[in-house]
Amino acid sequence: MLLSYRGFMNTKLYHIVTYGCQMNVHESEKIAGQLYALSYTATDNIELADIIIFNTCCIRESAETKEIGNIGAVKTIKKSRPNVIVAVVGCMTQQKGFAENLIKKFPFINIVLGTHNINKLSNSILSVLNDRKRINEIIDSCDYTDKNVPIIRDRTLNAWVNIMYGCNNFCTYCIVPYVRGREVSRLTEEILQDVKELVQQKNYKIITLLGQNVNSYSSSLNGEKVDFAKLLRLINNIEGEFRIKFMTSHPKDLSNELISAIKECKKVSKYLHLPVQSGSTQVLKRMNRRYTREHYLNLIEKLRTKIPDIALSTDIIVGFPGETEKDFEDTCDLIQKVRYNGAFVFMFSKRSGTVAETMPNQIELAVKRERIHRLLEIQKQINNKMADEEIGKKFEVLIEEVTEKEAIASTSFGKVVRIKDANLRVGSIVDIIVTNVKGSKLIGEVYLGE
Ligand code: SAH
Ligand code: SF4
Ligand code: F3S
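Owing to the predicted nature of the structure, the values given are computational and were not obtained by experimental measurement.

**Q** Got a sec to walk through the overall build of the protein? Specific residues and values, please.
**A** Helix and strand counts for the protein come out as 15 helices and 21 strands. The C-alpha atoms of the protein give a radius of gyration of 23 Å, which matches the 22 Å a tight globule of 450 residues would have. Expressed as a percentage of its 450 residues, the buried residues of the protein come to 53%. By sequence separation, contacts in the protein at least 24 residues apart represent 73% of the contacts at least 6 residues apart. Taking the 63 positively charged and 53 negatively charged side chains of the protein as two groups, their mean positions are separated by 3 Å.

Here's what the structure looks like:
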């Protein structure tokens, strides 16, 4: 039935499968833009697609294994419809020697690109369509000009804006610097232009600035140096009603000036994702994070003194090579001291080519599992307790989603509140009062005054 509909409409369909971080989510919007320019339309149903694109991540082995399994599963679609084009792009394929092995394993793949040439996707598709040749092109770097890459944005409220690409930090566990290349900041003028257009012409209400370490942003405007704090102030000055979010911040580069900018800029969310990774100075040193436990805790104190209600979240790796029970307990102690609003906890995963891959004293899986459970349990207790403390508080919230039964809204502190009122409008801003909690979830009502 659907096939005949498709035949009748003669529409070519694409399906994108995205793995990994927000950076990838945004890059999939650039992939969608290119496909749209070639007259393809999106479909949620992979079985119907004329072109299937996997935008991959390789941050941990578990992610990679799942992705490879899903790519392999496309074989059955290719058997019944051999003309379907399959493309694999992104971080996973950018790894040294990976693309060749992938093609050997799955010869049905038509296109392989890395992280530096995603904007060549449309040309690659045309080549495959014209002469059915396979394209396998991984390049080491590019000049990152975003100009002229069409973008089909996936969301109506939030728009992602890259402010920089790549990473120079080489944390010893992390593959990102190898697959994304060295850090490059985009021109301030281009970023301001993008944000202006997104909020003034396209009516976006949230602008999320993206970079692996936004705190080291560095560019210039009219001959003056622009760091991240200055960039926030410039964006905050753009006319319009919108919120500014950003990620990710590296604790070693969080300056006093940036804390002041977050405090003083009305449009900037009072929410900070500030990954600590470990609560042990010894482990942090081996991770090459370039700060100590004490430095991190001082930062948190400074932040809370200046912006008392700031919401904080973190990433933590358990089972880093050589992590002792004492090191792990230091991490448990740190999360209890900080009281994060959210923590993303991962088991250390060996990544090919990184320094930590060959470090001695790798930790057994059973120990990693036990530690991740303990840490998550502590965090759950903290979240529940913090949620209880919100009962009775009033917030101004942005309505982000409305379902049949409720509206889902967020405070400028990044907290999510569910409101039993389906008549609210997405994008509107209302005052609410938190009336109840369910676990760590906040439930609220529209606040109509005393
Ligand atoms: N640039 C960001 C995000 C990097 S990737 C930052 O510096 O925070 C997101 C998270 O994945 C990291 O913060 C880290 O906690 C986790 N991660 C990275 N490499 C990992 C590995 N090899 N094993 C387990 N977790 C890892
Ligand atoms: Fe990876 Fe560290 Fe760079 Fe983040 S800062 S992307 S964890 S190397
Ligand atoms: Fe994954 Fe690449 Fe992001 S490795 S986490 S998609 S930068």
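**Q** Explain the site of ligand 3 to me, and be specific about the residues and the numbers.
**A** Close contacts around ligand 3 come from Gly20, Cys21, Asn24, Cys57, Cys58, Ile59, Cys91, Arg180 and Gln212, and that covers them all. A breakdown of the residues in the shell around ligand 3 according to their chemical character gives 5 nonpolar, 3 polar and 1 charged.

**Q** Let's hear about the site of ligand 2: which residues, and what values?
**A** All residues adjacent to ligand 2 are Cys167, Asn169, Phe170, Cys171, Tyr173, Cys174, Val176, Pro177, Gln212, His250 and Arg289. Of the residues assigned to the shell around ligand 2, the class counts are 7 nonpolar, 3 polar and 1 charged.

**Q** Which residues make up the packing of helix H13 (residues 293-306) against helix H14 (residues 325-338), and what values go with them?
**A** Running from N to C, H13 and H14 point in directions that differ by 10 degrees, and their axes come no closer than 11 Å. When the axis of H13 is compared with that of H14, the two are roughly parallel. Listed contacts from H14 to Arg293, Tyr296, Leu297, Ile300 and Arg304 of H13 are Asp330, Asp333, Leu334, Lys337 and Val338. Of the residues assigned to the contact of H13 with H14, the class counts are 5 nonpolar, no polar and 5 charged.

**Q** Let's hear about the packing of aromatic side chains: which residues, and what values?
**A** The relation between two aromatic rings is expressed through the spacing of the ring centres and the mutual angle of the planes. Evaluated as defined, the whole model comprises 6 aromatic pairs. Ring centres 5.6 Å apart and planes at 40 degrees place the aromatic pair Phe106 and Phe108 in the tilted group. Overall, Phe106 belongs to the buried group, its relative accessible area being 10%. Ring geometry for Tyr173 and Phe320: centres 6.4 Å apart, planes at 85 degrees, overall edge-to-face. With Tyr173 in the loop between strand E8 (164-165) and helix H8 (176-180) and Phe320 in the loop between strand E15 (311-318) and H14, the pair connects residues that are 147 residues apart, well separated along the chain. In this pair, the class of Tyr173 matches that of Phe320, namely buried. Stacked on the ring of Tyr40, the Lys or Arg Lys12 has its end atom at 4.5 Å from the ring centre. For Arg60, the ring lying beneath its charged end belongs to Phe346, and the centroid distance is 3.7 Å.

**Q** Account for the sheet that holds strand E7 (residues 158-162), naming residues and giving values.
**A** Reading across the sheet, the 3 strands line up as E7-E10-E13 and stay open at both edges, with parallel pairing between neighbours. Unpaired on one side and paired on the other, E7 and strand E13 (243-247) mark the two borders of the sheet. Ignoring strand direction, the axes of neighbouring strands in this sheet form an average angle of 25 degrees. The strands that helix H9 (residues 188-201) touches are E7 and strand E10 (206-210); relative to E7, the one it contacts most, it runs at about 170 degrees. Lying on the sheet, helix H10 (residues 228-236) is in contact with E10 and E13; it crosses E13 at an angle near 155 degrees.

**Q** Which residues make up the environment of Lys267, and what values go with them?
**A** Relative to the helices and strands, Lys267 is located in the loop between helix H11 (256-264) and strand E14 (271-273). On the accessibility criterion, Lys267 (18% relative accessible area) is buried. For the pair Lys267 and Ile235, spaced 32 residues apart in sequence, the C-alpha to C-alpha distance is 8.8 Å. At a separation of 2.6 Å, a polar atom in the side chain of Lys267 contacts the main-chain carbonyl oxygen of Ile238. Side-chain polar atoms of Lys267 contact the backbone oxygen of Gly240, separated by 3.3 Å.

**Q** I'd like to hear about the packing of H14 against helix H15 (residues 365-390), residue by residue, with values.
**A** Two elements in contact, H14 and H15, have axes whose closest approach is 10 Å; the angle formed by their N-to-C orientations is 15 degrees. By the angle between their directions, the pair H14 and H15 is classed as roughly parallel. Crossing hand, H14 versus H15: right-handed. Along the contact surface, H14 presents Glu325, Phe328, Glu329, Thr331, Cys332, Ile335 and Gln336, while H15 presents Arg371, Arg374, Leu375, Ile378, Gln379 and Ile382.

What counts as what
- Residues numbered from 1 in each chain as written.
- Chains lettered and ligands numbered in written order.
- Predicted model: local features only at pLDDT ≥ 70, side-chain atom pairs only at ≥ 80, totals over all residues.
- Heavy atoms only, no water.
- Helix = DSSP H or I, 4+ residues; strand = E, 2+ residues; numbered from the N terminus.
- Rg over C-alpha atoms; globule rule 2.2 N^0.38 Å.
- Buried < 20%, exposed > 50% of the residue type's maximum accessible area, 1.4 Å probe, protein only.
- Contact = heavy atoms within 4.5 Å.
- Lys, Arg positive; Asp, Glu negative; His and termini not counted.
- Charge placed at Lys NZ, Arg CZ, Asp CG, Glu CD.
- Near = heavy atom within 4 Å.
- Nonpolar A, V, L, I, M, F, W, Y, C, P; charged D, E, K, R; others polar.
- Axes fitted to C-alpha atoms, helices over the stretch in contact; angles between N-to-C directions.
- Parallel < 35°, antiparallel > 145°, perpendicular 65-115°, else oblique.
- Phe/Tyr/Trp six-rings, centres within 6.5 Å; stacked < 30°, edge-to-face > 60°.
- Lys NZ or Arg CZ within 6 Å of the ring centre and 35° of its normal.
- Pairing = 2+ DSSP bridges.
- Polar contact = N/O pair within 3.5 Å; in protein donor to acceptor, adjacent residues only side chain to side chain.
- Left-handed = near helix turned anticlockwise from the far one by under 90°.

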